[in-house]
Amino acid sequence: MKWDPEKYVQFADHRDRPFFDLTSRIVSDAPGLVVDLGCGPGPLTRSLAERWHEARVIGLDSSAEMIEKARAHQHAPNLSFDLADAQSWMPEPDTDVLVSNAMLQWIPGHRELMVKWLTALRPGAWFAVQVPGNFSSPSHALMRELADSPRWAAQLSGVLRHDDAVGEPEDYLKILLSAGFETDVWETTYGQVLEGRDPVLEWVRGTALRPIFAKLSPEKSADYEHEYAQLVSRAYPPFSGPAGQCLTMFPFRRIFMVGRKL
Ligand SMILES: C[S@@+](CC[C@H](N)C(=O)[O-])C[C@H]1O[C@@H](n2cnc3c(N)ncnc32)[C@H](O)[C@@H]1O
């Protein structure tokens, strides 16, 4: 599945906020090695390099497009980017901070991977992960219902993740506690207000719809999008803002976990 860095940075303000809410709970003063796994186009990784300018900060991602964009635009003397697939990656034993924002939901079986990483980290190391907790929300449920409908099932059956793509906060709490971490797990539903026509479609074009685009021709993708846009605009009805602008409330639940190994 291909990522489009230009598309992903649309709505950057809403997409970045959980990263800062997550990383503000890490209280490491002088880490030596910081890893941002699934770093995307890199500006958030650069913020880590600026925060911990004495540390070596590495952004890793499995998308060549994302790494290329990050290397071209995100510079700091202590920052580097590399291609890596989280599914076969393990932290170096001297990793002090491991951050992964909005990546693990793409990996089936990520809870087992987490256990391996947590076991490999040394005492004092920090682990900070955020995953979207919105797979049952209308934006995703309608996407799956449409993909499973008679018109699309032959091409799209099984292409989308299910509503159990991520665990509940208590699942992650138990994983961190069992691995010997002092733990802080929480969830937030952001009341995101988006502007313009079909903004929920625009949002998921950069993320959740990408497996559909990878499967369908451009013409068929456009047909699917058209049908999906009609369904979501009923689920998230637009309204007029004070200056007459077209606004839509798109609530977005996210799950956070931050821990320090004892
Ligand atoms: C939603 S973006 C998040 C990017 C960044 N962390 C942020 O918060 O803006 C998800 C990222 O995870 C990466 N990704 C997905 N599966 C991955 C894997 N198996 N290994 C490494 N990166 C992966 C994608 O390439 C994409 O850049």
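Right above here is the structure, for reference.
Predicted model only: the values in this text are computed from it and were never measured.

## Focus on the overall build of the protein
And step 1. A tally of helices and strands in the protein yields 11 helices and eight strands.
And step 2. Relative to the 2.2 N^0.38 estimate, which gives 18 Å for 262 residues, the radius of gyration of the protein is 19 Å and therefore close to what a compact globule would have.
And step 3. Its C-alpha atoms put the protein at 50 × 40 × 35 Å along the principal axes.
And step 4. Pairs at least 24 residues apart make up 76% of the contacts formed inside the protein by residues separated by at least 6 positions.

## Examining the packing of helix 5 (residues 110–120) against helix 8 (residues 169–178)
And step 1. Look at helix 5 against helix 8: their axes get within 10 Å of each other, and the N-to-C directions meet at 25 degrees. With respect to their mutual orientation, helix 5 and helix 8 come out roughly parallel. Read as a crossing pair, helix 5 and helix 8 show a hand that is right-handed. Touching R111, M114, V115 and L118 of helix 5 are D171, I175 and L176, all from helix 8.
And step 2. In terms of residue class, the contact of helix 5 with helix 8 is made up of five nonpolar, no polar and two charged.

## Let's talk about the pairing of strand 8 (residues 246–261)
And step 1. As paired elements, strand 5 (residues 126–132) and strand 8 share seven bridges and run antiparallel to each other. Counted as the bridge partner of V129 is M257 from strand 8.
And step 2. By the bridge criterion, 15 bridges tie strand 6 (residues 181–195) to strand 8 in an arrangement that is antiparallel. Counterpart to V185 in the pairing with strand 8 is M257.
And step 3. Sheet analysis places strand 7 (residues 239–240) next to strand 8, joined by two bridges and oriented antiparallel. Along strand 8, the bridge assignment pairs S240 with C246.

## Things to note about helix 11 (residues 218–235)
And step 1. If you check helix 11, its first and last C-alpha atoms are 25 Å apart, about what 18 residues at 1.5 Å a residue would give, namely 26 Å.
And step 2. If you check which residues of helix 11 are buried, you get Y224, Y228 and V232. The buried residues of helix 11 occupy one face: seen down the axis, they fall within an arc of 65 degrees. For helix 11, the exposed residues lying more than 90 degrees away from the buried face are E219, A222, H226 and R234.
And step 3. In this structure, the buried residues of helix 11 make contact with helix 6 (138–148), helix 9 (199–205) and helix 10 (210–215).

## Quick word on the packing of helix 6 against helix 11
And step 1. Taken N-terminus to C-terminus, the directions of helix 6 and helix 11 make an angle of 145 degrees; their axes are 10 Å apart at the nearest point. Crossing geometry of helix 6 relative to helix 11 is assigned as right-handed. Across the interface between the two elements, P138, S139, L142, M143 and L146 of helix 6 pack against E227, Y228, L231, V232 and A235 of helix 11.

## Overview of helix 2 (residues 12–23)
And step 1. Here helix 2 is 12 residues long and its end C-alpha atoms lie 17 Å apart, about the 16 Å a rise of 1.5 Å per residue gives.
And step 2. Regarding helix 2, the residues found buried are R15, P18, F19, L22 and T23. Buried residues in helix 2, looked at end-on, bunch into an arc of 130 degrees, giving them a common side. Projecting away from the buried face of helix 2 at angles above 90 degrees are the exposed residues D13 and F20.
And step 3. Against helix 3 (43–51), strand 4 (97–101), strand 5 and strand 8 lie the buried residues of helix 2.

## Some thoughts on the environment of I255
And step 1. Take I255: it is sitting in strand 8.
And step 2. Sequence-wise, I255 and L22 are 233 residues apart; in three dimensions their C-alpha atoms are separated by 9.6 Å.
And step 3. Excluding anything up to four places from it in sequence, I255 contacts Q130, V131, G133, V166, P169, Y172 and E187.

## Topic: the nonpolar core
And step 1. Of all hydrophobic cores here, the largest spans 48 residues; its most connected members are V57, L98, L118, F127, A128, L176 and M257.
And step 2. Residue contributions to this core peak at five residues, all from strand 5.
And step 3. Residue contacts for L118: discarding those within four places in its chain leaves F127, L176, A179 and F181.
And step 4. Membership of the second largest hydrophobic core comes to 16 residues, among which are L160, W203, V232 and Y236.

## A look at unusual backbone geometry
And step 1. One non-glycine residue, A102, lies in positive phi territory at about 60 degrees.
And step 2. Considering the arrangement of structural elements, one finds A102 in the loop between strand 4 and helix 5.
And step 3. For A102, a count of 20 C-beta atoms within 10 Å puts it in the buried group.
And step 4. Its identity is not glycine, yet D198 carries a phi of approximately 50 degrees, on the positive side.
And step 5. For D198, the location among the structural elements is in the loop between strand 6 and helix 9.
And step 6. Classification of D198 by C-beta neighbours within 10 Å gives buried; the count is 20.

How each quantity is defined
Residues numbered from 1 in each chain as written. Predicted model: local features only at pLDDT ≥ 70, side-chain atom pairs only at ≥ 80, totals over all residues. Helix = DSSP H or I, 4+ residues; strand = E, 2+ residues; numbered from the N terminus. Rg over C-alpha atoms; globule rule 2.2 N^0.38 Å. Contact = placed C-beta atoms within 7 Å. Axes fitted to C-alpha atoms, helices over the stretch in contact; angles between N-to-C directions. Parallel < 35°, antiparallel > 145°, perpendicular 65-115°, else oblique. Left-handed = near helix turned anticlockwise from the far one by under 90°. Nonpolar A, V, L, I, M, F, W, Y, C, P; charged D, E, K, R; others polar. Pairing = 2+ DSSP bridges. Expected span 1.5 Å × (residues − 1). Buried ≥ 20, exposed ≤ 12 C-beta atoms within 10 Å, placed from the backbone. Arc of directions from axis to C-beta. Core = buried A, V, L, I, M, F, W, Y, C linked by C-beta atoms within 7 Å.

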